[in-house]
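Reading the structure
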Amino acid sequence: YPLEYSLMANGYNFDFINEDVLVNGAKVVNHELYTPGRTYKALVFRNESRLTLALVRKLHEFSQEGLPVVFVEAAPAGEIGFRNYAENGRKIRKSITEMLGGMSPESVAASAEKKHGSTLFVKDATRVPGLLEGSLGVQPNLHFESPQPNIYFAQFDQRPTRFYFLRNPKPEPREARVFFEGD
């Protein structure tokens, strides 16, 4: 899981969100995604070559509203379901091509990266944290003095308090310098 480990090692927390929440229960406000109970600074999809047309339309809408949408390793080029497969696939390719500034999902796959507006395609998953911060302005949840591939964390916001849980899965003790928002 190079994407997940790379995100955590560089201070980015993440969740997995189902399609129903994204299509029916999420909205973008001030370039952030609001879902029931949580707020997100970006959406990242790893190796998703097929999505539903409904989800791709929503992602297109989100990106037009300024939410960073990142496709890693592959960009969606087809419908995941069987109903209206060919027609929906054409519509998906058209939407993704628009999101990628005129580059089709098939042609962008040969690129190392492509950014258009708030949409980004990245071939190498380990480059995502640096591009989130540098290209899209998405700050990590916390900052390690140096990347920490063996320290995992979760962040929970219970307004007005923010909780961080850090975990070392190794049996030997570790030291890490961590900077939290406001430090």
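To be clear, the structure that these remarks concern was listed above.
Residues numbered from 1 in each chain as written. Predicted model: local features only at pLDDT ≥ 70, side-chain atom pairs only at ≥ 80, totals over all residues. Heavy atoms only, no water.

1. Describing the overall build of the chain
Here is the rule we go by: The secondary structure listing takes helices from DSSP runs of H or I that are at least 4 residues long and strands from runs of E that are at least 2 residues long, numbered from the N terminus. Note that the radius of gyration is over C-alpha atoms, with the globule rule given as 2.2 Å times the number of residues to the power 0.38. Using a 1.4 Å probe, the Shrake-Rupley method yields the accessible areas, and only the shown protein chains count as cover for residues. Charge assignment in this entry is limited to Lys and Arg as positive and Asp and Glu as negative, and neither His nor the chain termini are counted. To locate a charge, the coordinates of NZ of Lys, CZ of Arg, CG of Asp or CD of Glu are taken.
For the chain, the helix and strand inventory stands at 6 helices and 13 strands. Its C-alpha radius of gyration of 17 Å places the chain within 12% of the 16 Å reference for a compact globule of 183 residues. In terms of its C-alpha atoms, the chain occupies a principal-axis envelope of roughly 55 × 35 × 30 Å. With an accessible surface of roughly 10300 Å², the chain has 50% of that area assigned to carbon and sulfur atoms. Of note, the chain has its 22 positive side-chain charges centred 4 Å away from the centre of its 22 negative side-chain charges.

2. Observations regarding the packing of helix α3 (residues 53-64) against helix α4 (residues 85-99)
Note the following rule: Only the stretch in contact is used when a helix axis is fitted, and all axes are lines through C-alpha atoms; the angle between N-to-C directions ranges over 0 to 180 degrees. Geometric relationships in this document are graded by angle, where less than 35 degrees denotes roughly parallel, more than 145 denotes roughly antiparallel, 65 to 115 denotes roughly perpendicular, and other angles denote oblique. Crossings are assigned a handedness: left-handed for a near helix turned anticlockwise from the far helix by less than a right angle, right-handed for a clockwise turn. What makes two residues a contact is simply this: any of their non-hydrogen atoms within 4.5 Å. Residues are sorted three ways: Asp, Glu, Lys and Arg are charged, Ala, Val, Leu, Ile, Met, Phe, Trp, Tyr, Cys and Pro are nonpolar, and all the rest, Gly among them, are polar.
Running from amino to carboxyl end, α3 crosses α4 at an angle of 15°, the nearest separation of the two axes being 10 Å. Our classification of the angle between α3 and α4 gives roughly parallel. Considering how the two elements wind past one another, α3 and α4 form a crossing that is left-handed. Residues L53, V56, R57, L59, H60 and S63 of α3 form the contact with α4, whose participating residues are N88, K91, I92, S95, I96, E98 and M99. The residue inventory of the contact of α3 with α4, partitioned by class, reads 6 nonpolar, 4 polar and 3 charged.

3. Describing the packing of aromatic side chains
Selection criterion: Pairing of aromatic rings covers Phe, Tyr and the six-membered ring of Trp, with a centre-to-centre limit of 6.5 Å; geometry is then stacked below 30 degrees between planes, edge-to-face above 60, and tilted otherwise. Buried residues are those whose accessible area, probed at 1.4 Å on protein chains only, stays under 20% of the maximum for their type, while exposed residues exceed 50% and partly exposed ones sit between those limits.
Scanning the model with the defined rule gives 6 aromatic pairs in all. The interplanar angle of 70° and the centroid separation of 5.6 Å between the aromatic rings of F156 and F165 together place this pair among those described as edge-to-face. Overall, F156 belongs to the partly exposed group, its relative accessible area being 42%. Considering the side-chain rings of Y164 and F180, the 4.7 Å spacing of their centres and the 50° angle between planes classify their relative orientation as tilted. Taken as a pair, Y164 in strand β12 (residues 161-167) and F180 in strand β13 (residues 178-180) lie far apart in primary sequence, 16 residues in all. For F180, a relative accessible area of 27% puts it in the partly exposed group.

4. What to know about the pairing of strand β8 (residues 113-116)
The cut-off we apply is this: At least two bridges found by DSSP between two strands is the condition for calling them paired.
Where β8 meets strand β9 (residues 119-122), 4 bridges bridge the pair, whose relative direction is antiparallel. Each bridged residue has a counterpart across the sheet, and for H116 the counterpart in β9 is T119. Linking β8 back to β9 in an antiparallel pair, the connection comprises 2 residues, with G117 at a positive phi of about 60°.

5. Concerning the pattern of salt bridges
Quick reminder of the rule: Salt bridges are defined by distance alone: a side-chain nitrogen of Lys or Arg within 4 Å of a carboxyl oxygen of Asp or Glu.
Overall, the coordinates contain 9 salt bridges when judged by the stated rule. Its salt-bridge partner being D15, residue R38 comes within 3.0 Å of it at the nearest N-O pair. Placement of the pair is R38 in strand β3 (residues 38-40) and D15 in the loop between α1 (2-9) and α2 (19-24), with a sequence separation of 23 residues. Here R38 falls in the partly exposed class, since its relative accessible area comes to 27%.

6. As for the environment of L142
Inspection of the secondary structure puts L142 in strand β10 (residues 142-144). Sequence separation of L142 and G89 is 53 residues, and the distance between their C-alpha atoms is 39 Å. Beyond its immediate sequence surroundings of up to four residues, L142 is in contact with N10, G11, F153, Y164, V178, F179 and F180.

Interpretation note: all reported values are geometric properties and have no functional meaning in isolation.
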